[in-house]
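# Analysis of the macromolecular model
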Amino acid sequence: MDRIVMRDNIRDIRKIRGLGDRLFNKIMNHFGGEEEFLLAAKNYEVDRIASIEGVSQRKAIEIVNVVLGNPSKEFLKTDTCFEIYQDIQNKILQFASTQYCKNRILLLNPGNDSGMIKRSVDFVMEMKNMVEKLPVNEIKSLLKKINPVTIPKPKYNPSHAILIENRDDYNLLMDLGLNSYLPIISGEEISNLDDFEFIIYLYSEGLMDLGEAANIAMVNNSSQDYEIVPEIVISFFSENYSILSNIFKLKKILGRDSNIKYVLDILDSLESGKFHENVFDSAVAEAKNKADEKLKEAIKNVDIKGEEILDLLNEDMPGKIQSIFDEVIKCAREDIKEKTGYSFDPFIQKYPIEVDESELERVKKQEIAKQNVAAFEDKVKAASQLSDLKQSVEEEIREIFQFDYEFALGCFAYYYDLNPPEIGHGFSFKEGIHLNLAREKNIQRIDYNLQSPDNVVLLTGANSGGKTTLLENLAQICIMTHMGLPVCAREARVQLMDEIYFFSKKRAMDAGAFESFLNTFMPIVTRENQKLILLDELEAITELEAAVKIIASFLDYISDSDSYAIIVTHMAREILKYSDVRVDGIEAKGLDSEYNLIVDRTPRIDYFAKSTPELILRRMYERSDGKLKYIYGEMLEKFN
């Protein structure tokens, strides 16, 4: 959409009910100006707008509609039309998985540009054909697991620190916001390097004497921010690991290329390289228990002589026992190395063997320091790789949200068996079906047409024969075409209208109601716009003769225009005395074996349909007995 037009439409946002200058300014400030806001609206970022305090999702959708110039209110002129439009949206929404998709569907609006409508219909049909070849349930299951990505907040780690040499470096780190991740310390502030588990020494000249400290990684002060704190980049990917994993699975099913596999491999490698302190503890505990059992068994076979007992009393270990201890502890060290990868001896030679906790802690601390340095180097490398991949991954995330929208439209068209309409003159369709019936079996499909010169039709016929359903079906076909959707018919031709009206309230009109009728309808017929008017049940009025004349004039106005109308009425014979319009009929043919009405729901053109009272009376007669049956029989004779 033209950016100048969108910018002009921004002014109309203030006209939205409940959105005054204060909230308008709050929205603009949130986005940092009109340009960023227009970009968000163009990208259908309803949730981003709705996240602003005071803006509901409904209001956010209304705001985006205004900015994009969506004209639904100008086209859908009655509440019933809007309800039909919302019902279409709701039927598409049942196939939506992500909030982005739901917002896009709620922004689907009827338009009047024939070129855009045709392109949209062709696109939805392409999606219908795509859905036909896909494992729908598996895809829906994955899509439901793909939520909007989390933008992680910095996680502060007080056990690690950044060591700086000067004030300039401190100011740089503060500007970069790295103080949200780690403490920033100077040489004067730290008395013992062991106060921190791990230290990143940000050097310019590297003049600090750090001794033989093993818990320090050196980083030049000209490095990128993610080379100092790699979590700046890594956290986005790790926080969204599950989402990325599901997107990758989905893209494999769709046969689409993806960089996400590289991302997942990088993250998995970081996880596998983590140092787990409890591995040391459990390895030492298992080795000790195993050594105790070995000693216990070995001692049973030792023959101790008198002088060896005296050695024990003098706290000297006899050679044969010492060799047993040496062998057992050697095996214990090998067990530890096998489980941890490190060779050390934390044991005190006693029975049962004791663990030297201070030695174990020293080794763990030393290994933690080495591992932290190694892990930091791995993270810096990973952050560099992930930084290069971030843009393409974000594009893939957007691609999948867009796919959900396309998939929902395709599922809607596929499961409701929709077909592309032809844009032309008048309205006609073959094998049309109401959306509420489209997924049921053995439902009669309808053929019908409304076109010049018979652009106004009176529809007559059986009660419960499907007259209202026919009007709603035509309204659905018209509205769906304007929305750029295929329609619920095998074939359809639709003329694009400026407005659509649907009046469905049934009422017997007294004088006051009739005046209200005139105030409502006469301004409609005098408007120059092309319109489709669907009027369900125009019924008895107190002054029937006068009312029929006025209604006939109303019909003549429409007949002489470029508009179209279908009026459902039982007053067709009276109206035809004053107006020459086509009359179509839906007729009940009789009763089946269970006395249900047999109705051909396709209207007969230029035909007065028989009403149903006689058939209903016959049904009541057949289902009654005794005196009641006799009375119904007497009534039936009067129809002969």
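The rules behind each value
Residues numbered from 1 in each chain as written. Predicted model: local features only at pLDDT ≥ 70, side-chain atom pairs only at ≥ 80, totals over all residues. Heavy atoms only, no water. Core = buried A, V, L, I, M, F, W, Y, C linked by side-chain atoms within 4.5 Å. Buried < 20%, exposed > 50% of the residue type's maximum accessible area, 1.4 Å probe, protein only. Helix = DSSP H or I, 4+ residues; strand = E, 2+ residues; numbered from the N terminus. Contact = heavy atoms within 4.5 Å. pLDDT = per-residue confidence, 0-100. Phe/Tyr/Trp six-rings, centres within 6.5 Å; stacked < 30°, edge-to-face > 60°. Lys NZ or Arg CZ within 6 Å of the ring centre and 35° of its normal. Pairing = 2+ DSSP bridges. Axes fitted to C-alpha atoms, helices over the stretch in contact; angles between N-to-C directions. Patch = residues over 30% accessible without salt bridge, like charges linked within 9 Å, V, L, I, M, F, W, Y side chains within 5 Å. Areas by Shrake-Rupley, 256 points an atom, 1.4 Å probe, with all protein chains shown as cover. Salt bridge = Lys/Arg side-chain N within 4 Å of Asp/Glu carboxyl O. Expected span 1.5 Å × (residues − 1). Arc of directions from axis to C-beta.

## Topic: the nonpolar core
Of all hydrophobic cores here, the largest spans 93 residues; its most connected members are Ile 88, Phe 407, Phe 412 and Leu 532. Among the elements that line this core, the one with the most residues is helix H19 (residues 357-415), at 16 residues. If we ignore the near neighbours within four places in the chain, the residues touching Ile 88 are Phe 412, Leu 435, Gln 476, Ile 479, Met 480, Met 483 and Leu 485.

## Comments concerning the confidence of the model for the protein
Summary statistics for the protein give a mean pLDDT of 84 and a share of 86% for residues scoring 70 or more. Strand E11 (residues 491-494) holds the highest mean pLDDT among the elements of the protein, 97, whereas helix H17 (residues 306-313) holds the lowest, 49.

## Considering the packing of aromatic side chains
Here the structure, examined in full by the defined rule, presents 12 aromatic pairs. Relative to Tyr 85, the ring of Phe 82 lies with its centre 5.5 Å away and its plane at 50°, an arrangement referred to as tilted. A residue pair is termed a helical-turn pair when its members lie 3 or 4 positions apart in one helix, as Phe 82 and Tyr 85 do in helix H7 (residues 79-93) at 3 residues. Here Phe 82 falls in the partly exposed class, since its relative accessible area comes to 33%. Seen from their ring centres, Tyr 501 and Phe 503 are 6.2 Å apart, and the 15° between their planes marks the pair as stacked. Summarising the burial analysis for this pair, Tyr 501 and Phe 503 share the class buried. Members of the aromatic cluster, each reached through a chain of ring pairs, are Phe 95, Tyr 414 and Tyr 415. Above the ring of Tyr 405, the side-chain terminus of Arg 104 is found at 4.1 Å from the ring centroid. Stacked on the ring of Tyr 416, the Lys or Arg Arg 439 has its end atom at 5.3 Å from the ring centre.

## Structural notes on unusual backbone geometry
The step from Ser 452 to Pro 453 runs through a cis peptide bond, and the omega angle for that step is 5°. Here Pro 453 is to be found in the loop between strand E9 (446-450) and strand E10 (456-461). Located in the positive-phi region is Asp 606, a residue other than glycine, with phi close to 55°. Positionally, Asp 606 belongs in the loop between strand E16 (597-604) and helix H24 (613-622). With relative accessibility at 57%, the residue Asp 606 sits in the exposed group.

## Some details on the sheet that holds E9
Strands in a sheet are paired, the pairing made by backbone hydrogen bonds, and the direction either parallel or antiparallel. Strand order in this open sheet of 4 strands is E7-E11-E8-E9, and the pairing throughout is mixed. In this open sheet, the two edge strands, each paired with only one partner strand, are strand E7 (422-423) and E9. The pairing of strand E8 (residues 427-432) with E9 spans 4 bridges and is classified as antiparallel. The residue of E9 that forms the bridge with Phe 427 is Leu 450. Here helix H20 (residues 467-482) sits on the sheet and contacts E7, E8, E9 and E11; the angle it forms with E8, its principal contact strand, is near 110°.

## Concerning a nonpolar patch on the surface
Together, Leu 628, Tyr 630, Ile 631 and Met 635 make up a nonpolar patch on the protein surface, roughly 390 Å² of accessible area in all. Its place among the elements puts Met 635 in helix H25 (residues 626-637).

## Some thoughts on helix H22 (residues 544-559)
The terminal C-alpha atoms of H22 lie 22 Å apart, and with 16 residues this matches the ideal 22 Å at 1.5 Å per residue to within 8%. Turning to H22, its buried residues are Ala 547, Val 548, Ile 551, Ala 552, Phe 554, Leu 555 and Ile 558. Taken end-on, H22 shows its buried residues confined to a sector of 160°, consistent with a single buried face.

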